[in-house]
Amino acid sequence: MRWRLLDEMSPAIREILFRGAFPVYSYMYTLRPFMRMNTPRRQEIERFVQVVAGQRLSVRDIELLAQGYFRGPASLREAIEGDKLNWSLDQLKHVPEDREGCNGVERGFLRDLELLRKSIERVMARCHDPRLGSRAFLAQANLLSGGLLSTLAPFCERMKELHDRSGSA
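Residues numbered from 1 in each chain as written. Predicted model: local features only at pLDDT ≥ 70, side-chain atom pairs only at ≥ 80, totals over all residues. Heavy atoms only, no water.

**Description of the overall build of the protein chain**
This is how the line gets drawn: Where helices and strands are cited, they refer to DSSP runs of H or I of at least four residues and of E of at least two residues respectively, numbered from the N terminus. For every residue, the accessible area (1.4 Å probe, protein chains only) is compared with the maximum for its type, and the residue is labelled buried under 20%, exposed over 50%, or partly exposed between those bounds.
Scanning the protein chain for helices and strands turns up nine helices and zero strands. For the protein chain, the α and β elements follow one another from N to C terminus as α-α-α-α-α-α-α-α-α. By principal-axis analysis of the C-alpha atoms, the protein chain measures approximately 50 × 45 × 25 Å. Counting all 169 residues of the protein chain, 26% fall into the buried class.

So, in structure tokens, the structure goes:
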């Protein structure tokens, strides 16, 4: 596993890790799962490591920043890249983890949003899989993807409304 890990690293990341400017644990267990989603993220991971390296952050703070950087809004990514790490951490730490203040309907909806995000990431990662090519699969995939595409505009509109409404919390 470690040999494969070394093979996957770019020379820039290898140099940062070997210099001790970024915890190897954070690279292995926090950032590697983002690499498995899709390969273009390797440049983003390298950029994240370069920005966060040498800042003397805890593993937990690096994990929070990674979640915000890779799964959060573009504004948070820009703040992290703009070296506003303390501000970004404050923003991320003020999002309550527990859902005690939410009613049952709200907890269910939050769970649906998490599942949707995970499903979207999985589908995006698998779209170009060469093993998906039988006639039966392609016919069904065409129907399903067409249905999804027809709901995309209204879905995006509703998500933007929810994002704007929830942004003031």
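What follows picks up the thread again.
**Focus: a nonpolar patch on the surface**
Here is the rule we go by: Patch criteria: residues need more than 30% relative accessible area and no salt bridge. Like-charged residues are merged within 9 Å; nonpolar side chains of Val, Leu, Ile, Met, Phe, Trp and Tyr are merged within 5 Å. Computed by Shrake-Rupley with a 1.4 Å probe, the accessible areas treat only the displayed protein chains as cover when residues are assessed. The working definition used for a salt bridge is a side-chain nitrogen of Lys or Arg within 4 Å of a carboxyl oxygen of Asp or Glu.
A cluster of nonpolar side chains, contributed by Leu-116, Ile-120, Met-124, Leu-149, Leu-152 and Phe-155, occupies part of the molecular surface with about 530 Å² of accessible area. Elements that contribute at least two residues to the nonpolar patch include exactly helix 8 (104-126) and helix 9 (135-166). By the element assignment, Ile-120 lies in helix 8. Judged by its relative accessible area of 37%, Ile-120 is partly exposed.

**Points about the nonpolar core**
Definition in use: Definition used in this section: a nonpolar core is a set of buried Ala, Val, Leu, Ile, Met, Phe, Trp, Tyr and Cys residues joined via side-chain atoms within 4.5 Å. Only heavy atoms matter for contacts: two residues are in contact if any of them lie within 4.5 Å across the pair.
The biggest cluster of nonpolar side chains holds 30 residues, and the ones touching the most others in it are Phe-22, Tyr-27, Leu-31, Ile-45, Phe-48 and Leu-65. Where this core is concerned, the elements lending two or more residues are helix 2 (11-19), helix 3 (24-37), helix 4 (41-52), helix 5 (59-71), helix 6 (74-81) and helix 7 (85-93). In terms of residue count, helix 5 provides more of this core than any other element does, six residues in total. Not counting residues within four places of it along the chain, the set of residues in contact with Leu-31 comprises Phe-22, Ser-26, Ile-45, Phe-48, Val-49, Ala-66 and Phe-70.

**What about the confidence of the model for the protein chain?**
Where we set the bar: pLDDT runs from 0 to 100 and stands for how confident the predictor is about each residue.
Per-residue confidence for the protein chain gives a mean pLDDT of 85; residues scoring 70 or more make up 91%. Summarising per-element confidence for the protein chain, the mean pLDDT is lowest in helix 1 (residues 2-8) (73) and highest in helix 9 (93).

**With respect to the packing of aromatic side chains**
Put simply, the rule reads: Classification of ring pairs uses Phe, Tyr and Trp, with its six-membered ring standing for Trp, and accepts pairs whose centres are within 6.5 Å; under 30 degrees between planes counts as stacked, over 60 as edge-to-face, and the remaining range as tilted. Sitting over a ring, as applied to charges here, requires NZ of Lys or CZ of Arg to be within 6 Å of the ring centre and within 35 degrees of the ring normal.
A full pass over the atoms with the stated rule returns four aromatic pairs. Relative to Tyr-29, the ring of Tyr-25 lies with its centre 4.8 Å away and its plane at 40°, an arrangement referred to as tilted. Taken together, the positions of Tyr-25 and Tyr-29, both in helix 3 and four residues apart, correspond to about one turn of that helix. Ring geometry for Phe-48 and Tyr-69: centres 5.2 Å apart, planes at 50°, overall tilted. Highlighted residues: Phe-48 in helix 4 and Tyr-69 in helix 5, separated in sequence by 21 residues. Tyr-69 shares its class with Phe-48; the two are buried. Members of the aromatic cluster, connected to one another through ring pairs, are Phe-48, Tyr-69 and Phe-70. The ring of Tyr-69 has Arg-77 lying over it, and the distance from NZ or CZ to the ring centre is 4.4 Å.

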